[in-house]
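Summary of structural features
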Amino acid sequence: MAQTAIHARMTAAEWALLVGLSVLWGGSFLFVGVAVAELPPLTIVVARVALAAAALLVALRFMGVALPRERRVWVAFLGMGVLNNAIPFTLIAWGQGHIASGVASILNAATPLFTVVVAHWLTVDERMSARKLAGVAIGFGGVAVMIGGAALRTLGVDVLAQLAVLAAAISYAFAGVYGRRFKAMGVAPAATAAGMLAASTLLLVPAMLIVDRPWTLPAPSAATVAALLGLALISTALAYILYFRLLASAGATNLLLVTFLIPVSAILFGATLLGERLAPRHFLGMALIGCGLAAIGRERAVAPPAPCGKGGSD
């Protein structure tokens, strides 16, 4: 894989992007939770990626940005579509039909743990360290505390659904590392997001037509249609522009810390918009997440080794 320089220690602008991405993705579990009551998982996933791809393609046209046509780029789009959309979206949508959103959030928060391991073995500048592992473990603990004991007590129930969400987290980890190649290819974040989602749509539509036979399903309610639009336009199209921009500059390990912040965003939304009360565990969990992110944020950058004859020592 082509390696490009990243900021192991994120800048203030990159932290702002990470928080923004967590807000956009924080609503995805809510949107899926609404839609899965009426629609099967593959139909939800196809609607999500197809509507998001269409929106981004229209946006690119107004921006005057053309999608790349090189075969190698579209092969990469397909690979990213499988790892970052087709596999995890389907597994999470299916899993949420059997387990609570809180449990899904905890399991999804394992993504940085898997990413630390995957990035250590597959990159030259995102190596594992004791500080990084400790920070990730503390952040994961913060998510578990914040979600609460009720969700934790259901761990081990509906094991297949929980394993599906964990498998989605592993797929996200590989996608984060795989997606770093688009910066080296010179593909802009918006074009990368549009290409990946278009490729995902091509991959998923045949499976959806065979498995779900959507023409036999009842017409969805207005609430489900609204949830699908929110899922596609907010939690997918806009979110992936931020995703690829941050991935190019901060790397996979830093980017996927967003899964620690997603439950924070969801809980704060509930407190500010729905009048839900914040319990002591929420503040404790947020404090632990903050400590974990602070520990990881103090990591020093590791530069990729210089090619022979380019200043490296023999």
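Up top you'll find the structure we're talking about.
Residues numbered from 1 in each chain as written. Predicted model: local features only at pLDDT ≥ 70, side-chain atom pairs only at ≥ 80, totals over all residues. Heavy atoms only, no water.

A separate point is the overall build of the protein. Looking only at helices and strands, the protein features 14 helices and 0 strands. In the protein, the succession of helices and strands from N to C terminus is α-α-α-α-α-α-α-α-α-α-α-α-α-α. Relative to its 314 residues, the protein shows a buried fraction of 49%. When contacts within the protein are restricted to residue pairs at least 6 apart in sequence, those whose partners lie at least 24 apart make up 90%. Entry remark: accessible area of the protein is about 14,100 Å², with carbon and sulfur atoms responsible for 70%. (Helix = DSSP H or I, 4+ residues; strand = E, 2+ residues; numbered from the N terminus. Buried < 20%, exposed > 50% of the residue type's maximum accessible area, 1.4 Å probe, protein only. Contact = heavy atoms within 4.5 Å. Areas by Shrake-Rupley, 256 points an atom, 1.4 Å probe, with all protein chains shown as cover.)

Moving on: the environment of Ile138. Assignment of secondary structure puts Ile138 in helix H7 (residues 130-147). Taking the C-alpha atoms as reference points, Ile138 and Ala287, 149 residues apart in sequence, are found 9.8 Å from one another.

We note that Arg213 has phi near 45 degrees; this positive angle belongs to a residue other than glycine. Looking at the secondary structure, you find Arg213 in the loop between helix H11 (189-211) and helix H12 (222-255).

One pass over the full model with this rule turns up 1 cavity of 30 Å³ or more. Roughly 260 Å³ of volume is contained in the largest cavity. Together, 21 residues line the largest cavity, and Ser28, Arg48, Phe89, Ile92 and Tyr172 are the ones closest to its centre. The element contributing the most residues to the lining of the largest cavity is helix H4 (residues 71-96), with 5 residues. Partitioning the lining of the largest cavity into residue classes produces 14 nonpolar, 6 polar and 1 charged. (1 Å grid on protein atoms, 1.4 Å probe; cavity = no way out; pocket = protein on both sides within 12 Å on 5 of 7 lines; lining within 4 Å. Points joined across faces, edges and corners; volume = space filled by probe spheres on them. Nonpolar A, V, L, I, M, F, W, Y, C, P; charged D, E, K, R; others polar.)

The next thing to look at is the packing of helix H6 (residues 111-122) against helix H9 (residues 159-178). At a minimum axis separation of 8 Å, H6 and H9 run at an interaxial angle of 40 degrees. One element, H6, and the other, H9, form an angle in the oblique class. Judged by the sense of rotation from one axis to the other, the crossing of H6 with H9 is right-handed. Contacts between H6 and H9 involve Thr111, Phe114, Thr115, Val118, Ala119 and Leu122 from the first element and Leu166, Ala169, Ile170, Tyr172, Ala173, Phe174 and Val177 from the second. A breakdown of the residues in the contact of H6 with H9 according to their chemical character gives 11 nonpolar, 2 polar and no charged. (Axes fitted to C-alpha atoms, helices over the stretch in contact; angles between N-to-C directions. Parallel < 35°, antiparallel > 145°, perpendicular 65-115°, else oblique. Left-handed = near helix turned anticlockwise from the far one by under 90°.)

Tyr240, Tyr243 and Phe244 are the most contacted members of the largest nonpolar core, which totals 77 residues. Looking at this core element by element, the count peaks at 12 residues for H12. With residues near it in sequence (within four places) discarded, Tyr240 still touches Trp25, Asn84, Asn85, Phe89, Ala193, Met196 and Leu197. Core analysis: the second largest hydrophobic core is formed by 9 residues, Phe31, Val32, Leu39 and Ala47 among them. (Core = buried A, V, L, I, M, F, W, Y, C linked by side-chain atoms within 4.5 Å.)

This part covers the packing of H4 against H11. If you want to describe how two helices pack, look at the angle between their axes and the distance between the axes. One can describe the packing of H4 onto H11 by two numbers: an axis separation of 7 Å at closest approach and a directional angle of 65 degrees. Regarding the angle of H4 to H11, the classification is roughly perpendicular. The handedness of the crossing between H4 and H11 comes out as right-handed. Contacts from Trp74, Phe77, Leu78, Met80, Gly81, Val82, Asn84, Asn85, Ala86 and Thr90 in H4 reach Ala191, Thr192, Gly195, Met196, Leu197, Ala198, Ala199, Ser200, Leu203 and Leu204 in H11. A class-by-class count of the residues in the contact of H4 with H11 yields 13 nonpolar, 7 polar and no charged.

Right, let's get into the packing of aromatic side chains. By the definition in use, this model includes 8 aromatic pairs. Taken together, a centroid distance of 5.8 Å and an interplanar angle of 75 degrees make the contact between Trp25 and Tyr240 edge-to-face. You can see Trp25 sitting in helix H1 (residues 12-26) and its partner Tyr240 sitting in helix H12, a full 215 residues away along the chain. Each member of the pair Trp25 and Tyr240 is classed as buried. Summarising the aromatic geometry, the rings of Tyr240 and Phe244 are spaced 6.1 Å apart at their centres and angled 35 degrees between planes, so their arrangement reads as tilted. With Tyr240 and Phe244 both in helix H12 and 4 residues apart, this pair spans about one turn of that helix. Looking at Tyr240, the relative accessible area reads 1%, which means it is buried. (Phe/Tyr/Trp six-rings, centres within 6.5 Å; stacked < 30°, edge-to-face > 60°.)

Let us now look at H4. One turn of an α-helix holds 3.6 residues; hence residues three or four places apart share an orientation. End to end, H4 covers 36 Å across 26 residues, agreeing with the expected 38 Å (1.5 Å per residue, within 8%). Along its length, H4 reaches its greatest deviation from straightness, about 40 degrees, at Val82. (Expected span 1.5 Å × (residues − 1). Bend = angle between axes of the 7 residues up to and from the residue.)

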